[in-house]
Amino acid sequence: MEGNPTGCVGLADYLGWDWKSKAGLPIVNVPGCPVQPDNFMETVLYLLYQVAGLAPMIPLDAQLRPTWLFGSTVHDGCDRAGSYEQGDFATRYGSPKCIVKLGCWGPVVNCNVPKRGWMAGIGGCPNVGGICIGCTMPGFPDKFMPFMDEPPGAKLSSSAIGIYGQAIRALRSMTNATVNKEPKWRHSRAELTTGYHSNSY
Amino acid sequence: MATITASRAEEDAQKSQLVEMNWDPITRIVGSLGIFTKIDFGKRKVAECHSTSSIFRGYSIFMKGKDPRDAHFITSRICGICGDNHATCATYAQNMAFGVRPPAMAEWIVNLGEAAEYMFDHNIFQDNLVGVDFCEKMVKETNPGVWEKAEKTRAPHEELHGYRTIGDIMKALNPFTGAFYIEALQVSRMTREMFCLMEGRHVHPSTLYPGGVGTVPTVQLFTDYIVRLMKYVEFMKKVVPLHDDLFDFFYEALPGYEEVGRRRILLGCWGSFNNPDVCDYTYAKMTDWGRGMYVTPGVIVDGKLVTTDLVDINLNIRILLGSSYYDDWQNAQTFVQKDPLGNPVDQRHPWNQSTFPKPQKRDFKEKYTWVMSPRWYDKRTGDYLALDTGGGPIARFWATALAGIVDIGYIKATGHSVKIYLPKTTSKPEVEFEWHIPKWSNAIERDRARTYFQAYAAAAALYFAEQALAELHAGRTRTWNDFKVPEEAIGCGFHEAVRGVLSHHVVIRDHKIANYHPYPPTPWNANPRDCYGTPGPYEDAVQNTPIFEENGPDKFKGIDIMRAVRSFDPCLPCGVHMYLGNGKVLETHHSPMFGAVPQAG
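Residues numbered from 1 in each chain as written. Chains lettered and ligands numbered in written order. Predicted model: local features only at pLDDT ≥ 70, side-chain atom pairs only at ≥ 80, totals over all residues. Heavy atoms only, no water.

Description of a nonpolar patch on the surface
Residue and element names in this part refer to chain A.
Here is step 1 of the chain: A cluster of nonpolar side chains, F40, M41, V44, L45, L48, Y49 and L54, forms an exposed patch at the surface whose accessible area comes to about 720 Å².
Here is step 2 of the chain: By the element assignment, F40 lies in helix α2 (residues 37-51).
Here is step 3 of the chain: Of the residues examined, F40 reaches a relative accessible area of 40% and is grouped as partly exposed. (Patch = residues over 30% accessible without salt bridge, like charges linked within 9 Å, V, L, I, M, F, W, Y side chains within 5 Å. Areas by Shrake-Rupley, 256 points an atom, 1.4 Å probe, with all protein chains shown as cover. Salt bridge = Lys/Arg side-chain N within 4 Å of Asp/Glu carboxyl O. Helix = DSSP H or I, 4+ residues; strand = E, 2+ residues; numbered from the N terminus. Buried < 20%, exposed > 50% of the residue type's maximum accessible area, 1.4 Å probe, protein only.)

Structural notes on the interface of chain A and chain B
Here is step 1 of the chain: On the chain B side, the residues contacting the 33 residues of chain A number 35 residues.
Here is step 2 of the chain: Taken over both partners, the interface formed by chain A and chain B buries close to 2800 Å², and the fraction arising from carbon and sulfur atoms is 67%.
Here is step 3 of the chain: Of all residues in chain A, A:M119, A:I122 and A:M148 give up the largest surface area on contact with chain B, accounting jointly for 21% of the area buried on that side.
Here is step 4 of the chain: The interface formed by chain A and chain B contains one salt bridge.
Here is step 5 of the chain: Between B:R69 and A:D149 there is a salt bridge, with its nearest N and O atoms 2.9 Å apart.
Here is step 6 of the chain: Summed over the shared surface of chain A and chain B, the result is eleven residue pairs in polar contact (both at pLDDT 80 or more).
Here is step 7 of the chain: Among the residues making up the side of chain A that touches chain B, the classes are represented as 20 nonpolar, nine polar and four charged. (Contact = heavy atoms within 4.5 Å. Buried area = accessible area lost by both parts, 1.4 Å probe. Polar contact = N/O pair within 3.5 Å; in protein donor to acceptor, adjacent residues only side chain to side chain. Nonpolar A, V, L, I, M, F, W, Y, C, P; charged D, E, K, R; others polar.)

So, the pattern of salt bridges
Here is step 1 of the chain: Scanning the entire structure with this criterion turns up 41 salt bridges over all chains.
Here is step 2 of the chain: Here A:D88 and A:K97 are joined by a salt bridge, their closest N and O atoms 3.3 Å apart.
Here is step 3 of the chain: Under the relative-accessibility criterion, A:D88 is labelled buried at 18%.
Here is step 4 of the chain: Ionic pairing is found between B:E136 and B:K140, a salt bridge with its closest N-O pair at 2.8 Å. With a gap of four residues between them, B:E136 and B:K140 both fall in helix α5 (residues 136-142), about one helical turn apart.

Thoughts on the confidence of the model for chain B
Residue and element names in this part refer to chain B.
Here is step 1 of the chain: Overall, the predicted model of chain B reaches an average pLDDT of 90, with 90% of residues at or above 70.
Here is step 2 of the chain: Below a pLDDT of 50 lies the segment residues 1-14, which in the model reaches 35 contacts outside its immediate sequence neighbourhood of four places, other chains included.
Here is step 3 of the chain: Contacts of residues 573-601 to residues separated by more than four positions or lying in other chains number 71 contacts, the stretch itself having pLDDT below 50.
Here is step 4 of the chain: Overall fold confidence for the complex sits at a pTM of 0.93, while the interface term, ipTM, reaches 0.94. (pLDDT = per-residue confidence, 0-100.)

Below you can see the structure in the form of structure tokens.
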């Protein structure tokens, strides 16, 4: 971090990104500040399987992160991504809509936390109203500060999705209103009616 | 983790048997704290103690020039245990500096989050870490006589907690195998879930901001919290009497045990849980809204409540040097001449502190630690008091009890005690606990207060959950208010980290952080001798601690010293900050694994 007098760096920056242990294990980065606990224990467990000869070489991306954990973005696993797609953005913290305009880096950050939750499926970041500050990414935190401003790239993409998203939202809202109507074939008359048409299958 | 470095005789040591024993690091806490003692086996007491930390981190240095809105995100990273306490305290200071008052709903959500944090951390520390010092395996090894007695002593509250003898309680505390140890671990996990419901993640909350929170308040959110809270309330009905039985037994089995970890009653509590009805975060009204907190701030000297005024508490904080690896800032820049009420602000106050690290070799006659010496200036006497936090709960209770302000149905401060009322739960009727002001500020009473405070936090959470639901039912679901970062401002936040007082002081210039100083509890507790020669609280609490352990120097485990130090709930990474030396390699006796695995030969 800028201004840090200690000059501390990550293990791969220090030992080299191609470094391997005597047992042939590479450096594995399980990033996060802090690390999602299940991500960490699961990686340790995988390596134990590998050392025991029961699993192949741990699959890692270019940043030495396990691919099954960091292959997707925050946005991919976020239950607010639907509101992004419809161009429906939050303007204040505490709104259940997409918070990309409030500083969330989720669309471009590799992390599974919104999908996995913080523990036992509970909590997380943008899925529960907390902007993604990129804590699993190289260059955190400096690259992502100040945290509470809209990420520079998001300005363009969120405006671009605005037109498409609003059209989609309007169409979906019509269909949604239709499928929310109580059907005519449900009534209190003696006659039995149904919405099932066998010939439609 | 003990090494006998040498039996270096010093001064009057000829007639007594002075042995130097060091614990570095003290384990079961993050390992940067070292306690260096000289033990007099002739007189069976600790003759001298130095508390030292080998870590420097420099938060106050790299906070400079940052966007002030980022303060809580960054300072949360001070600690991997109480990061959320820092984040919370930072938002309090930001709110003051930015002039923003969050909606009531946000305060209830933050209070529910912090209550869950107290419930979590006190629980895991008490029963999975401190408890090991009192477990069967430890007591058998250090005091076989006490173990024999424990096996024969009936537990007075058996009907409440289910353990027949004190020995049964001690067995239940054995790490990884004891029934109560395991149950406490599982309960802790549940309280973490409660925290994550309110603030997204532990230990660095994702949904906390200056101006409020990003958490979406829904019926489901509070249901999920309350369901877990009621289980914890039920658990407390067993936990409090269990610890009372265990701790009372120690006084009885080891007459004089009240002297272990005992020091003068000098306690500080900075208050916790803001009340949104009165808390507007203005400095001008801080005295009033400070007294509105659901844990009352206060300074207690020799059993008397000296103040409950946060302005008074704030202005009299002094950061002294003496034995710390820093150059002085007495002639450096003064950031704040006067507070917003016109009171002069001392050059040694955190608002005016500058940090000039000066790494050097450890020398117990000169400089020996990265921790500075925070003191509280008592204007009545002109003393710079080495206040301690007692690990948090004892100071919170003492201040709250004497102030007699808190009265929320589930909790009532009486002026001499604190009553905690817990409602009926699944299998247990309602109960009322009462914490009484103890005779001493010592190891046992710090530990006892921790247990009671778990119940306090649960009771407070019941109240906060009701208030939050009332807001929700009234349709007031807004959780955040907008603000602008001023060009120039100052702010301070006062809070209780799990293990005691926490303050954040910020100075903003040109919309950026010009100065920032967090003061967590451990610097208050683990600090060294100051420029006036006054030892820090660990040092004077351990010094003169009598030794009750039955082992001699060869098999000495230092259990009484460890109980004294651990009663303060040490957490050094909170306070200090560059690992310089090679930690001493010692036998691994004092670890959370104690007794659970066969010791390697």
